[in-house]
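Residues per chain, in single letters:
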Amino acid sequence: MPVASAATAALAARLAGRPGLVLERAAPLARLTTLRVGGPAELLAEARTEADLVFLLRTTHELAAPWFLLGWGSNVLIPDEGIPGVVVRLGEGFRRAAIRGTRVAAGAALALPKLALRTAAADLMGLEALAGIPSSVGGAVAMNAGCYGTEMKDSLVSVRLVEHDGTRRRLPYAALAPGYRRTNLHERRAIVTRAHFELTPAPPGAARARIEELRQRRRGALPTGHPNAGSVFKNPPGDYAGRLIEAAGLKGKRVGAAEISARHANVIVNLGGATATDVFALMLAAHHAVRDRFGISLDPEWVLAGHLAARWREATGDEASASSLSFPIPV
Ligand SMILES: Cc1cc2nc3c(=O)[nH]c(=O)nc-3n(C[C@H](O)[C@H](O)[C@H](O)COP(=O)(O)OP(=O)(O)OC[C@H]3O[C@@H](n4cnc5c(N)ncnc54)[C@H](O)[C@@H]3O)c2cc1C
């Protein structure tokens, strides 16, 4: 996508005068994802403050321009062709946290592990199990991220949002209907700017010790050394996606430079120079093999960006797939 469409060029021109928006055209995105694959954004825009984000969304709304919000990039597959419209990132003004008693307010661009360490240092319990997830706070809100039986929804009380037309809102987290690695944020087409947690007081050092204990446990559970984006598929009820893919004989299968990890079959690793096309082909191979062998249709945990969600639906016939909710969607 070397040349921006006329619509995106018009959008860039409208946004260019705003000092709180850092713009980059034809911006490579692979470097902004943990899997390190995918093409460019027609336009990348980093908003410094919430007011800048409101301005950006009002403008995309007026021009009916598509947008996609990228957090830490640890749960997305970006197509090789790139993403049309504007890819939005949250900047400096969204990385702060404030702790008052047991209440914690955290900006959406703050790293979740950093937040967990800060709250543990304040002897507050609730986020220890989430400390090992390579996520932004906003991404974890959007995915209702979870680990070792703890999910964001257990301690997240409310969220501050900017809606697709620039309206600001504060909602109880329950209003986003958090479920297994999903919320209704995609349907709402809203961006989380801040998360409000209620945590529990803990004996001195207990939360920090628990983080350390879980870190040791986590070590060895996932493949290390090669870029990846964590679990590819959600676990179907009563089973594990990794077990099913392994039982279908696909552990270690390669397409190009992408591999279904020989260590954990629900992880695809980039051995160096993999493309999104390689990764997508492996996802489909795993999906088809498990469906043929066990009659189970695996649902991606990853958000499939750009045209990949539609391609997934076409190739699998899975209309209800979570990936159908990915941005950009028609405005
Ligand atoms: C090594 C590894 C281990 C992992 N382990 C776990 C685990 O144990 N548990 C788990 O749940 N996940 C895990 N993941 C997956 C991933 O880290 C989580 O899903 C994470 O919460 C995604 O956050 P992100 O900031 O990277 O979001 P991104 O990947 O950038 O985006 C994911 C989705 O969230 C949306 N989004 C991001 N920020 C916002 C925002 N501010 N407002 C609205 N929407 C937003 C994006 O538009 C996109 O649709 C792992 C990933 C890796 C690479």
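Residues numbered from 1 in each chain as written. Predicted model: local features only at pLDDT ≥ 70, side-chain atom pairs only at ≥ 80, totals over all residues. Heavy atoms only, no water.

Engineer: How do you make sense of the pattern of salt bridges when you look at a structure like this?
Structural biologist: Oppositely charged side chains can pair when the atoms bearing their charge come close. Evaluation of the coordinates by the stated rule reveals 18 salt bridges. Residue Arg95 is joined to Glu92 by a salt bridge in which the shortest nitrogen-to-oxygen separation is 2.8 Å. A relative accessible area of 35% places Arg95 in the partly exposed class. With its nearest N and O atoms 3.2 Å apart, the salt bridge here joins Glu187 to Arg182. Connected through shared salt-bridge partners, Glu50, Arg160 and Arg168 make up one network. (Salt bridge = Lys/Arg side-chain N within 4 Å of Asp/Glu carboxyl O. Buried < 20%, exposed > 50% of the residue type's maximum accessible area, 1.4 Å probe, protein only.)

Engineer: Would you mind going over the side chain of Ser136 with me for this structure?
Structural biologist: Considering the arrangement of structural elements, one finds Ser136 in the loop between strand E8 (124-125) and helix H4 (137-143). Relative accessible area serves as the criterion here: at 8%, Ser136 is assigned to the buried category. If near-sequence neighbours (up to four positions away) are discounted, Ser136 is found in contact with Gly71, Trp72, Ala108, Ala109, Leu110, Ala111 and Leu112. (Helix = DSSP H or I, 4+ residues; strand = E, 2+ residues; numbered from the N terminus. Contact = heavy atoms within 4.5 Å.)

Engineer: How should I be thinking about the nonpolar core in this particular structure?
Structural biologist: Among soluble globular proteins, nonpolar side chains are generally buried collectively. Ranked by internal contacts, the top residues of the largest apolar core, which has 55 residues, are Leu53, Leu115, Val141, Met152 and Phe197. The element that contributes the greatest number of residues to this core is strand E13 (residues 190-198), accounting for five residues. Excluding anything up to four places from it in sequence, Leu115 contacts Ala97, Val104, Ala106, Leu110, Leu127, Val137 and Phe197. Counting 32 residues, the second-largest nonpolar core is a separate cluster that includes Ala229, Leu244, Leu308 and Trp312. (Core = buried A, V, L, I, M, F, W, Y, C linked by side-chain atoms within 4.5 Å.)

Engineer: How should I be thinking about the pairing of strand E18 (residues 267-270) in this particular structure?
Structural biologist: It is a general feature of regular strands that their side chains alternate between the two faces of the sheet. Along E18, one buried face is formed by Val267 and Val269 and the opposite face, lined by Ile268 and Asn270, is buried too. By the bridge criterion, two bridges tie strand E15 (residues 228-231) to E18 in an arrangement that is antiparallel. Each residue of the ladder has a partner; that of Asn228, found in E18, is Val269. Relative to E18, strand E17 (residues 258-260) is paired through three bridges, and the arrangement is antiparallel. By the bridge assignment for E18, Ala258 is matched with Asn270. From the end of E17 to the start of E18, which pair antiparallel, there are six residues. (Pairing = 2+ DSSP bridges.)

Engineer: Just checking my understanding: could you explain the pairing of strand E2 (residues 40-47) for this structure?
Structural biologist: The buried fraction of E2 is high, at seven of eight residues. Here seven bridges tie strand E1 (residues 21-28) to E2, and the two strands are oriented antiparallel to one another. Bridge pairing links Leu23 to Ala45 in E2. Bridging between E2 and strand E5 (residues 83-90) involves six bridges; their strand directions are parallel. Within E5, the position partnered with Glu46 by the bridge is Arg89.

Engineer: Would you mind showing me how to read the sheet that holds strand E6 (residues 97-100) here?
Structural biologist: Working definition: the strands of a sheet are paired by backbone hydrogen bonds and lie parallel or antiparallel to each other. Sheet architecture is open: five strands sit in the order E6-E7-E13-E11-E12, paired in antiparallel fashion. Two strands lie at the open edges of the sheet, namely E6 and strand E12 (168-172), each paired on one side alone. With strand direction ignored, the average angle separating the axes of adjacent strands in the sheet is 20 degrees. Across five bridges, the pairing between strand E7 (residues 103-107) and E13 is antiparallel. The residue of E13 that forms the bridge with Gly107 is Arg194. On top of the sheet, helix H2 (residues 50-63) reaches strand E11 (156-163), E12 and E13; it is set at about 50 degrees to E11, its chief contact. In the packing of helix H3 (residues 112-121) onto the sheet, the strands contacted are E6, E7 and E13, and the crossing angle to E6 comes to about 25 degrees. (Axes fitted to C-alpha atoms, helices over the stretch in contact; angles between N-to-C directions.)

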